[in-house]
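Below, each chain spelled out in residue letters.
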Amino acid sequence: MAFILNEHTWPEVAEQVERAPIALLPLGSTEQHGYHLPLGTDIFLARHLACEVSDRTGAIVLPDLNFGYSWVWRDRVGTVALQQQVLQTVLKDIAHSVERWGIRVLLIINGHEANGATMKYAVREVSDETPVKVLACFYPGLSASLEAHMESTTWGGMFHADEFETSLMLAARPDLVHQDRAVSEYPERPVLYGYDNTSIGDLSVSGVYGNPVLADAEKGTRMFGEFVERTCTLLSTALDEG
């Protein structure tokens, strides 16, 4: 069973830290995910992975961080975004907080790819400020899992509300998936995309980049199993090095 921080008393948490001085922070976003997935998709997936890892390791699952850097979807209904520097400060403050109660390893489990740069710089800066080993991951071994299980292609290496995320949601929160509304969309890529400030939020009609129609729960379950194994390996390595 996962150890959820906010469901326990402080003495219970202190005892758990003695057994497993590891904290997991689910990080995601609140933004559109097509016609068929909820706005909380990224955080639901991050939390599911964190809970599965906690069940295996005893790591303490921190409260979800529901907001991320979501600039590209800022004009879509429902998006709530943080500035990069604000998110970076929050991540560093969390690392300093868990240090005070004996956590040795903090792993940020991210479900929103655009948070990547912010996590990288937060980890770099906080490493000079605390002895806590701070790690950040976005589906460890993602490329291998995509190649092994996905039938559809990504949109030039990028995906959103596609076969991958929809399969994971069908495994983690099928009650929130409206698969009958799923549509496949691969928007035309402008010549200047990636060189200027063209936003993917302006290119897709549905909000989908990929083909969620091919998604199924079995694929999601298999991939979650792989991500759990790889994440547990990261944690055991970090503890050994610490």
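All chains use their own residue numbering, which begins from 1 and follows the written sequence. Note on the predicted model: pLDDT of at least 70 is required for a residue's local features to be given, and 80 or more for side-chain atom pairs to be given and counted; whole-chain, interface and lining totals, by contrast, use all residues. Side-chain figures throughout are based on the complete set of non-hydrogen atoms in the structure, without hydrogens or water.

### Examining a nonpolar patch on the surface
Piece 1. The patches described consist of residues with a relative accessible area above 30% and no salt bridge, like charges being joined within 9 Å and nonpolar side chains (Val, Leu, Ile, Met, Phe, Trp, Tyr) within 5 Å. The protein chains shown are the only cover counted for residues, whose accessible areas, like all others here, come from Shrake-Rupley with a 1.4 Å probe. By convention in these notes, a salt bridge is any Lys or Arg side-chain nitrogen within 4 Å of a carboxyl oxygen on Asp or Glu. Among the surface-exposed residues, Val 191, Leu 192 and Tyr 195 lie close enough to one another that they form a single nonpolar patch of about 430 Å² accessible area.
Piece 2. Note on placement: Val 191 falls in the loop between helix H6 (163–172) and helix H7 (217–241).
Piece 3. The buried label goes to any residue with under 20% of its type's maximum accessible area, the exposed label to any with over 50%, and the partly exposed label to all in between, with areas taken from a 1.4 Å probe on protein chains only. Looking at Val 191, the relative accessible area reads 78%, which means it is exposed. Secondary structure counts use DSSP, requiring at least four H or I residues in a row for a helix and at least two E residues in a row for a strand, with both numbered from the N terminus.

### Considerations on the pattern of salt bridges
Piece 1. Tallied over the full model, the rule gives 10 salt bridges.
Piece 2. Residue Arg 173 is joined to Asp 175 by a salt bridge in which the shortest nitrogen-to-oxygen separation is 2.8 Å.
Piece 3. A relative accessible area of 53% means that Asp 175 is categorised as exposed.
Piece 4. Ionic pairing is found between Glu 226 and Arg 230, a salt bridge with its closest N-O pair at 3.7 Å. Separated by four residues within a single helix, Glu 226 and Arg 230 lie in helix H7, roughly one turn from each other.
Piece 5. Taken together, the salt bridges that share partners define one network made up of Lys 92, Glu 125 and Glu 129.

### Digging into the sheet that holds strand E2 (residues 22–27)
Piece 1. Pairing between strands is defined by DSSP: at least two bridges between the two strands are required. A sheet is described by the order of its strands in space; here five strands give the open sequence E1-E3-E2-E4-E5, paired in parallel fashion. In the strand order of this sheet, the two ends are held by strand E1 (3–4) and strand E5 (133–137), each with one partner.
Piece 2. Both strand E4 (residues 105–110) and E5 contribute to a ladder of five bridges, which runs parallel. By the bridge assignment for E5, Leu 107 is matched with Leu 135.
Piece 3. Note on contacts: a residue pair qualifies if any of its non-hydrogen atoms lie within 4.5 Å across the two residues. To define axes, lines are fitted to C-alpha atoms, for helices over the stretch in contact only, and angles between the resulting N-to-C directions are given on a 0 to 180 degree scale. Along the sheet face, helix H2 (residues 41–57) touches E1, E2, strand E3 (60–61) and E4 and points at about 160° away from the line of E2.

### Some details on the packing of aromatic side chains
Piece 1. Think of it this way: a Phe, Tyr or Trp ring, Trp meaning its six-membered ring, pairs with another when their centres are within 6.5 Å, and the plane angle makes it stacked under 30 degrees, edge-to-face over 60, tilted otherwise. Scanning the entire structure with this criterion turns up nine aromatic pairs.
Piece 2. Relative to Tyr 209, the ring of Trp 155 lies with its centre 4.7 Å away and its plane at 70°, an arrangement referred to as edge-to-face. One end of the pair, Trp 155, is in the loop between helix H5 (142–149) and H6; the other, Tyr 209, is in the loop between H6 and H7, and 54 residues separate them in sequence. Assigned by exposure class, Trp 155 and Tyr 209 land together as buried.
Piece 3. Here a set of aromatic residues connected by ring pairs shows up, and it is made of Phe 138, Tyr 139, Phe 159, Phe 164 and Phe 227.
Piece 4. Distance and angle both matter: a charge sits over a ring if NZ of Lys or CZ of Arg is within 6 Å of the ring centre and within 35 degrees of the ring normal. The positively charged end of Arg 74 is found above the aromatic ring belonging to Trp 71, 3.9 Å away from the centroid.

### Examining the packing of H6 against H7
Piece 1. Running from amino to carboxyl end, H6 crosses H7 at an angle of 90°, the nearest separation of the two axes being 7 Å. In terms of orientation, H6 lies roughly perpendicular with respect to H7. Where H6 approaches H7, its residues Glu 163, Phe 164, Ser 167, Leu 168, Leu 170, Ala 171 and Ala 172 are matched on the opposing element by Ala 217, Lys 219, Gly 220, Thr 221, Met 223, Phe 224 and Phe 227. Convention used here: angles under 35 degrees read as roughly parallel, angles over 145 as roughly antiparallel, angles from 65 to 115 as roughly perpendicular, and any remaining angle as oblique.

### Details of helix H1 (residues 10–19)
Piece 1. By the burial criterion, the buried members of H1 are Val 13, Gln 16 and Val 17. End-on view of H1: buried residues confined to an arc of 105°, all on one side of the axis. Away from its buried face by more than 90 degrees, H1 exposes Glu 18 and Arg 19.
Piece 2. Buried residues along H1 sit in contact with E1 and E3. For this quantity, the arc is that covered by the directions from the helix axis to the C-beta atoms.

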